[in-house]
Amino acid sequence: MNKTIDINIASQIFHLDENAYIALKNYLDAIKAYLAKEESQEEIIQDIEARIAELFIERMISDKQVINTEDVNEIIKIMGQPEEYDLSDEDDKSTKTRHNIHKKLFRDKKNSYISGVSAGLAHYMGIDVVWVRLIWVILTLFTTGWFILIYILLWILIPEARTTAEKLAMKGEPINLSNIEKKIKEGYDNVSEKIKDVDVKKHSKGAQNNISDFFSWLEGFIITLGKVLLKIVGVFILIFSGLGLLGILLSALGIGGLGLFGSTELYNSTLGNIDGIALAGVPSWLFITAALTAGAIPLLLIFIFSLKLLFNNLKSISKPFIITTVSIWVISIAFLTITGINSSMRDFTSGEIVDTITLKPKDQDTLFFKMKGNLNYTVFPFKQNREDIVYDENNKNLVLYDSNVDVKFYRTTDRDAYIRIAKWAYDYDVDQAREKAGLIDYEYNIKNNQIVFDSYFITSKEFKDRSMGVDLDIYLPENTVIKMDENMEDFIENYFYFSELDKPFNEYFNLKDDKFECVSCLKKNDTIGNLNE
Amino acid sequence: MYVSLFKILLYEVLFDEIKNEIMNIENTKAQMRKGILEYCILSILKNNDAYVAEILVELKAAKLIVVEGTIYPLLTRLKNAELLEYRWEESTGGPPRKYYKLTDEGTKFLNELSSSWKELQVSVKTITTKNNQS
C-alpha cells in the first residue's frame, strides 16, 4: 500500500505514489538548480514540465490510475539528467560571473600553500589561484616586503571556510537543499573514480602539503604563544589586584572604617582627623567606607577578570553581579566627590588670641632673650615644629606637646619696645578658631629686662596634626641693645636684621638704621684685622 | 548526513581540478553538437511548424539526441534570438502545446547555415577522401 499525492503539472492533475513524487520533485529541483544561471529558467522548466505531463498521459492510456516510481524513472531516463543537457559554453560562463555577487570571501584551506588567502581571493575574483599568488609575489617584491603585512592582516581577518555552506558561498554557488543534494549525487556517481584517483592526487599534492603543513604549524605556534603570553599577563594582574584587595581589607580591619570592627580609638587617631571631613557633617566611618569601596570594586573586577583569563572554563560573571558592583562603585565615587567639594568649599580662617606686653627697660638696659625648654616632654627642647602626644607634668593625662613657636623681630617708631604674643589656630569660622586657640597653654616670663619664652605649648591631644601655633613678634625702637641666647636659633624666622654674623647669639646688638650692629664683636673683628696685618 | 557532507568534501578536494580540465575538452564537443543540433532543429521547422514532441521524434530517429531535456534550453535560446516564434495550440487530453515556427530572420539564418554547411561538407569530404586514398 502506498500513499498517493495529487500533483499539478502544466495544468494537468496526476496521482503519484509517494516515492514517485519524491523522485520527481528531486529531479525538477535538480533541473532548477542546474538552470539557475540560465536567463529563461522559468520558461524552460515550464516546457519541460509540459513534456513530462505529456509523457505521463502516454502512460495513463490503460486502466492505470497512479504513476509509480518506475514511470518517473523511465521519464527521467527519457528527459535525461540535467548534467546531460550540455549547456556548458561561453554564454554559460558569462552568466556564471554575473552571478558571482553572492560570493563571500573565505580562506580556502583545502587549496592552500600558506593560509588559503590566495585561494580564497581567487574563488572570490573568479580567476585561477596561480595569478593571485603571482600578484602577491610581485607586489611583495615591489614594496620590499610591505605587502607581507597586508597578507598577514588578511590572514587574520578573513575567516576560514569550514562548513559546507561556507564553502559553497566561497565559490559563489547558491546554498540550497537541491544544490547540496546535487553535490551528494555527484559524490555518489564519482565515488568509485575518486578512490581510484586518490593516490595520484596525493602525490601531486605532496609538495604543496609540506609547505602548508609548515605554515599551519606556524599558525598554531603563534596562537599558542599568544595564549601563553595572555596567561602570564593574567598571573601578573591576578597577583597585583589580589594584593591590592588584601591591602584594602587589612586597612578596613585596621581603621575600623566599616564600623564592624568598632575601634573608634584607632580611627580617631589616624584618618578620623582628616581636616574638614569630620567638620563637613559626614561621619568619618562613612567617608572611609566609601573610599575603600571605591578602591576595592575595580580591583575586585580586575581580579575576577584575570581569573577568567587564566581559567577559560570558569563560569562567566553574572550580569546582576556586575551591575550591582558597578552601581555601588558609582555611588561611592559620587559620595566622595560631593563630600570633597563640600569640604573644600568651606574656607579655613585663622583665629588669634593676643597678649601685648610693653617693655619699659631703663635707658641703656640691654634686653636679654632666652627660650625655656621642658625636658619632661622631649629630649629636643629647642627644636621647632615638633609634635608629640605626651603625659602632662603630673603624669596623669595625655596632652599634645607642640613646639611650633615663631620668633620675629621688627623695628618700631614707638618709644617703647613691646612683644605681641599671639596664640593662633585655624578652623572654618573665626569663633571656633579662637576657641581652639584659647586651648593653647603657653607660658612666658618677663622680669625687668629678662625675657624668657617657653619653646613649646601644650594643648589638647585631639589637635594633633592641626595647624596651630604661637607667634612671638618683638617690636624694638632704635638704639635698643639686645642679647639672644643661642637656644633661640631654631625659632627665629627673620634673620635679615643680623647681617654681620652667621650666628648672632650671645653677642650684644644695637638696632640702628634698620640693622642690628654687633656691639661686642667689633673688638674681635679688630683683633682679627690686626692679626691679618 | 555527515557521511554525505564528507563525500562532498572529498569530491571537492579531489576532483575540482580534473573536472576543470575535462570540461575544456567537453566544452568544444558540446559546442559542436549544439551548433549541429540548432541547424537540425531549424531544418525540421523549415517546411512545417511543429511542437516539441514532433521535433524530438525526428531528432531521436536521426540519433542526434540521447536525452530529451537537451532540447528545451536550445529552443528557448533560439526563440530568444528571434529565430523562432511559437503559438499555443490546444491538444486533446493533454496540456496545450507550443507550436514552433521559423521567423523571417530564422529562415534567413537557416539558408546561411545550409550553404556554409554544404561548403563545409565539401571541404571535409575533400580532405577525408584525399587522406583515405593515400
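Residues numbered from 1 in each chain as written. Chains lettered and ligands numbered in written order. Predicted model: local features only at pLDDT ≥ 70, side-chain atom pairs only at ≥ 80, totals over all residues. Heavy atoms only, no water.

Q: I would appreciate a short explanation of the overall build of chain A in the present structure.
A: Looking only at helices and strands, chain A features 14 helices and 16 strands. Relative to its 533 residues, chain A shows a buried fraction of 37%. The contacts of chain A with a sequence gap of at least 6 include a subset with a gap of at least 24, amounting to 64%. Summing over all exposed atoms, chain A offers an accessible surface of approximately 31,500 Å²; the carbon and sulfur share of this is 58%. (Helix = DSSP H or I, 4+ residues; strand = E, 2+ residues; numbered from the N terminus. Buried < 20%, exposed > 50% of the residue type's maximum accessible area, 1.4 Å probe, protein only. Contact = heavy atoms within 4.5 Å. Areas by Shrake-Rupley, 256 points an atom, 1.4 Å probe, with all protein chains shown as cover.)

Q: In this structure, what is going on with the overall build of chain B? I would like to understand it.
A: The number of helices and strands found in chain B is 4 helices and 3 strands. Counting from the amino terminus, helix and strand elements in chain B follow one another as α-β-α-α-β-β-α. In chain B, which comprises 134 residues, the proportion classed as buried is 39%. Counted over contacts in chain B with a minimum sequence separation of 6, partners at least 24 positions apart contribute 46%. Carbon and sulfur atoms provide 57% of the accessible area of chain B, an area that totals close to 8,300 Å².

Q: Looking at this structure, I do not really get the packing of helix α6 (residues 129–142) of chain A against helix α7 (residues 146–157) of chain A. What am I missing?
A: When two helices pack together, their arrangement is given by the angle between their axes and by how far apart the axes lie. All names here are of chain A. Packing of α6 against α7 brings their axes to within 8 Å, and their N-to-C directions diverge by 135 degrees. Relative to α7, α6 is oriented oblique. Mapping the contact onto sequence places Trp136, Leu139 and Thr140 in α6 and Phe147, Ile148, Ile150, Tyr151 and Leu154 in α7. Looking at the contact of α6 with α7 residue by residue, the class counts come to 7 nonpolar, 1 polar and no charged. (Axes fitted to C-alpha atoms, helices over the stretch in contact; angles between N-to-C directions. Parallel < 35°, antiparallel > 145°, perpendicular 65-115°, else oblique. Nonpolar A, V, L, I, M, F, W, Y, C, P; charged D, E, K, R; others polar.)

Q: Would you explain the side chain of Ser91 of chain B in this entry?
A: Note on placement: Ser91 of chain B falls in the loop between β2 (84–89) and β3 (97–102). Here the side chain of Ser91 of chain B touches Pro95 of chain B through a polar contact of 2.9 Å, landing on its backbone oxygen. (Polar contact = N/O pair within 3.5 Å; in protein donor to acceptor, adjacent residues only side chain to side chain.)

Q: Whenever I open this one, the sheet that holds strand β3 (residues 66–67) of chain A confuses me. Can you help?
A: To summarise the sheet geometry, strands pair through backbone hydrogen bonds and adopt either a parallel or an antiparallel arrangement. Residue and element names in this part refer to chain A. Read across the sheet, 3 strands follow the order β1-β2-β3 without closing on themselves; strand pairing throughout is mixed. Two strands bound the open sheet, and with one partner strand each, they are β1 (4–9) and β3. Bridge count between strand β2 (residues 12–17) and β3: 2 bridges; the pairing is parallel. Looking at β3, one finds that His15 is bridged to Val66. Sheet strands in contact with helix α2 (residues 41–59) are β1, β2 and β3, and its direction is about 70 degrees off that of β2. (Pairing = 2+ DSSP bridges.)

Q: When you look at the packing of helix α5 (residues 117–125) of chain A against α6 of chain A in this model, what are you seeing that I'm missing?
A: Residues and elements named next belong to chain A. Axis separation between α5 and α6 bottoms out at 8 Å; the angle between their running directions is 125 degrees. In terms of their interaxial angle, α5 and α6 are classed as oblique. Crossing hand, α5 versus α6: right-handed. Residue-level inspection shows Val117, Ser118, Ala119, Leu121, Ala122 and Met125 of α5 in contact with α6, the latter providing Val129, Val132, Arg133 and Trp136. Each residue belonging to the contact of α5 with α6 can be placed in one class, and the counts come to 8 nonpolar, 1 polar and 1 charged. (Left-handed = near helix turned anticlockwise from the far one by under 90°.)

Q: Looking at this structure, how should I read the packing of aromatic side chains?
A: Within a pair of aromatic rings, the relevant descriptors are the distance that separates the centres and the angle that separates the planes. Here the structure, examined in full by the defined rule, presents 21 aromatic pairs over all chains. With centroids separated by 5.1 Å and ring planes inclined at 85 degrees, the aromatic side chains of Trp136 of chain A and Tyr151 of chain A adopt a geometry described as edge-to-face. Highlighted residues: Trp136 of chain A in helix α6 and Tyr151 of chain A in helix α7, separated in sequence by 15 residues. You can call Trp136 of chain A buried: its relative accessible area is 12%. Ring centres of Tyr151 of chain A and Trp155 of chain A lie 6.2 Å apart, and the angle between their planes is 70 degrees; on these two criteria the pair is classed as edge-to-face. You can see Tyr151 of chain A and its partner Trp155 of chain A sitting in helix α7, 4 residues apart, about one turn around the helix. In terms of burial, Tyr151 of chain A and Trp155 of chain A fall into one category: buried. An aromatic cluster of at least three residues, connected via ring pairs, comprises Phe369, Phe409, Phe453, Phe509 and Phe516 of chain A. The cationic tip of Lys98 of chain B hangs over the ring face of Tyr86 of chain B; the distance from NZ or CZ to the ring centre is 4.6 Å. (Phe/Tyr/Trp six-rings, centres within 6.5 Å; stacked < 30°, edge-to-face > 60°. Lys NZ or Arg CZ within 6 Å of the ring centre and 35° of its normal.)

Q: Help me understand the sheet that holds strand β12 (residues 457–460) of chain A in this model?
A: Residue and element names in this part refer to chain A. Strand order in the open sheet made by the 3 strands is β6-β7-β12, with antiparallel pairing throughout. Looking at which strands have only one partner, the edges of the open sheet turn out to be β6 (387–391) and β12. When strand polarity is set aside, the average angle formed by the axes of neighbouring strands in this sheet is 40 degrees. Pairing geometry for strand β7 (residues 398–402) and β12, over 4 bridges, is antiparallel. In the sheet register, Tyr401 faces β12, and the bridge partner there is Ile458.

Q: Would you explain the nonpolar core in this entry?
A: Within soluble globular proteins, side chains that are nonpolar tend to cluster in buried spots. Residues and elements named next belong to chain A. The biggest cluster of nonpolar side chains holds 47 residues, and the ones touching the most others in it are Ile52 and Phe56. Among all residues touching Phe56, those that are not within four sequence positions of it are Ile7, Ile9, Phe14, Leu16, Leu24, Ile67, Val72 and Ile75. Within the second largest apolar cluster, 38 residues are counted, among which are Ile421, Tyr442, Met484 and Tyr497. (Core = buried A, V, L, I, M, F, W, Y, C linked by side-chain atoms within 4.5 Å.)

Q: Help me understand the pattern of salt bridges, please; the structure alone is not making it clear to me.
A: Close approach of charged atoms allows side chains with opposite charge to pair. All names here are of chain A. Under the counting rule described, the total for this entry stands at 16 salt bridges over all chains. The partner of Arg411 in a salt bridge is Glu478, and the shortest N-O contact between them spans 3.0 Å. You can see Arg411 sitting in strand β8 (residues 405–411) and its partner Glu478 sitting in the loop between β13 (468–476) and β14 (481–484), a full 67 residues away along the chain. Its relative accessible area of 35% is what places Arg411 among the partly exposed residues. (Salt bridge = Lys/Arg side-chain N within 4 Å of Asp/Glu carboxyl O.)

Q: How do you make sense of the pairing of β2 of chain A when you look at a structure like this?
A: Along any regular strand, the residues point their side chains to alternate faces of the sheet. Residue and element names in this part refer to chain A. Looking at chain direction, β1 and β2 are connected through 6 bridges and run antiparallel. In the sheet register, Ile5 faces β2, and the bridge partner there is Leu16. Between β1 and β2, which pair antiparallel one after the other, the connecting turn spans 2 residues, and Ala10 there sits at a positive phi close to 50 degrees.

Q: Which parts of the structure should I look at to understand the confidence of the model for chain A?
A: Keep in mind that low pLDDT regions are not for reading the predicted coordinates in detail. Residues and elements named next belong to chain A. Per-residue confidence for chain A gives a mean pLDDT of 77; residues scoring 70 or more make up 77%. The weakest mean pLDDT in chain A belongs to helix α4 (residues 90–98) at 40; the strongest belongs to strand β11 (residues 450–454) at 91. A low-confidence stretch, residues 194–202 (pLDDT under 50), is modelled with 12 contacts involving residues beyond four sequence positions or located in other chains. Taken together, the stretch residues 526–533 has pLDDT below 50 and engages in 0 contacts with residues farther than four places along the chain or on a different chain. (pLDDT = per-residue confidence, 0-100.)

Q: Explanation requested: the environment of Ile52 of chain A in the structure shown.
A: With respect to the secondary-structure elements, Ile52 of chain A resides in helix α2. Residues Ile52 of chain A and Ile9 of chain A, 43 residues apart in the sequence, show an inter-C-alpha distance of 7.9 Å.

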